[in-house]
Amino acid sequence: MKKSIIVVASMLVIGVLFLAGCQSKNNSEASSKNILRVGTEGTYSPFSFRDENDKLTGYDVDVAKAVAKKIDYKVKFVEAPWDSMLAAFDAKKTDVVFNQVAITPEREEKYLFSTPYSVSHPALIVNKDNNEIKDFADLKGKTSAQSLTSNYAQMAEGLGAKISSVDGFSKAVELVADNRADATLNDDVTYYDYLNQKSDAPIKIVKTSDEATEVAAMFHKGDEKLAKKVDKAIKELETDGTLTKLSEKYFKKDISK
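Computed from a predicted model, the values in this text were never measured in an experiment. (Residues numbered from 1 in each chain as written. Predicted model: local features only at pLDDT ≥ 70, side-chain atom pairs only at ≥ 80, totals over all residues. Heavy atoms only, no water.)

Participant: Teacher, can you tell me more about the layout of surface pockets here?
Facilitator: Over the atoms rolls a probe the size of a water molecule, and its path tells where empty space is left. Size it by volume and the largest pocket reaches roughly 300 Å³. T104, N151, M155, E211 and T213 are, among the 15 residues lining the largest pocket, the residues nearest its centre. Those elements that provide at least two residues to the lining of the largest pocket are α4 (105-110), α5 (151-158) and β14 (213-215). For the lining of the largest pocket, the residue count by class is seven nonpolar, five polar and three charged. (1 Å grid on protein atoms, 1.4 Å probe; cavity = no way out; pocket = protein on both sides within 12 Å on 5 of 7 lines; lining within 4 Å. Points joined across faces, edges and corners; volume = space filled by probe spheres on them. Helix = DSSP H or I, 4+ residues; strand = E, 2+ residues; numbered from the N terminus. Nonpolar A, V, L, I, M, F, W, Y, C, P; charged D, E, K, R; others polar.)

Here it is in structure tokens:
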């Protein structure tokens with residue numbers, strides 16, 4: 001009788017350990033499957049940057065967090081300058097990019113995109129003392145400071161400008177302010193946010209395009225399942241007013257539409 005009790009007890013212990021092991025394995029698998037690796041710059045205020053407490057924040061960062069919460073994923077941000085960020089994405093070190101990536105025909109051939117979560121307009125920015133450049137056509141033969149793989153670099157090249165390579169908008173503005181570049185192209189929202197932080201910056205917008213630039217989350221082709229999940233989440237965030245609230249938090253106006 002005593003021996004039977006010992007055998008039963010041993011079997012119960014083994015059963016508990018087996019179930020615990022399975023549960024641990026399942027939890028581990030769920031944890032590894034439900035991590036959304038997000039590529040972002042971390043130096044592109046107000047979209048993706050580190051605040052005074054060195055905390056990653058910004059409009060795109062908050063949108064990515066809200067999306068991850070909607071689809072029940074944990075979010076892991078992978079920060080790198082624009083070109084390196086795209087290289088890491090191409091190497092599949094990240095699953096998605098939230099970093100003001102504009103939807104272009106060239107990119108749509110290579111990547112998948114979600115519903116747009118912000119809309120901006122291209123702006124031509126020059127030194128405040130520059131009276132020679134007044135329109136986009138005036139960029140021909142001039143030097144424009146741009147991130148090499150950005151859509152604005154392509155736009156500047158298409159207008160006949162020579163490109164001076166920089167890592168981001170702040171660097172581009174520095175070159176323009178110091179007259180080391182004639183101009184830079186970027187979205188109007190970024191320009192106005194920059195002036196909110198540095199009101200004495202010697203720069204100005206001389207022309208804004210009527211053409212809207214739609215920005216969306218970017219995915220690898222083949223990741224349609226994840227793209228559909230995120231797309232659905234973004235639409236829900238638009239419907240429930242979350243995107244509007246986040247826009248007003250950083251820009252004091254709605255840039256999501």
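Having put the structure on the table, let's press on.
Participant: Hey, could you run me through the sheet that holds strand β4 (residues 56-57) in this one?
Facilitator: Strand pairing in a sheet takes place through backbone hydrogen bonds and is either antiparallel or parallel in direction. Ordered by their spatial adjacency, three strands build an open sheet running β2-β3-β4, and the pairing between neighbours is antiparallel. Edge positions in the open sheet fall to β2 (43-44) and β4, since each of these has one partner strand only. Inspection of the sheet shows β2 paired to strand β3 (residues 48-50) by two bridges, in the antiparallel sense. Of the residues in β3, the one forming a bridge with Y44 is S48. (Pairing = 2+ DSSP bridges.)

Participant: Would you mind going over the sheet that holds strand β5 (residues 74-79) with me for this structure?
Facilitator: A sheet is described by the order of its strands in space; here five strands give the open sequence β5-β1-β6-β15-β7, paired in mixed fashion. Looking at the sheet topology across the chains shown, the edges are occupied by β5 and β7 (111-113). Of the pairings in the sheet, the one linking strand β1 (residues 35-40) to strand β6 (residues 96-97) comprises two bridges and is parallel in character. Within the sheet, the bridge partner assigned to G39 lies in β6 and is V97. Lying over the sheet, helix α2 (residues 59-70) contacts β1 and β5, oriented at roughly 150° with respect to β5. Across the sheet, helix α8 (residues 224-239) lies against β1, β7 and β15 (218-220), angled at about 160° from β15, the strand it touches most. (Contact = heavy atoms within 4.5 Å. Axes fitted to C-alpha atoms, helices over the stretch in contact; angles between N-to-C directions.)

Participant: What is the right way to look at the pattern of salt bridges in this model?
Facilitator: It is possible for side chains of opposite charge to pair when their charged atoms get near one another. The tally for this structure, following the rule as stated, stands at twelve salt bridges. For D54, the salt bridge is made with R50, and the minimal N-O distance between the two is 3.9 Å. Here D54 falls in the exposed class, since its relative accessible area comes to 51%. By relative accessible area, which is 33% here, R50 ends up partly exposed. Between K110 and D90 there is a salt bridge, with the nearest N and O atoms lying 3.5 Å from each other. Remark: D90 occurs in helix α3 (residues 82-90) and K110 occurs in helix α4; sequence separation between them is 20 residues. In the salt-bridge network here, residues are joined through shared partners; they are K70, K232, E236 and D240. (Salt bridge = Lys/Arg side-chain N within 4 Å of Asp/Glu carboxyl O. Buried < 20%, exposed > 50% of the residue type's maximum accessible area, 1.4 Å probe, protein only.)

Purely geometric stuff here, so don't read any function into it on its own.
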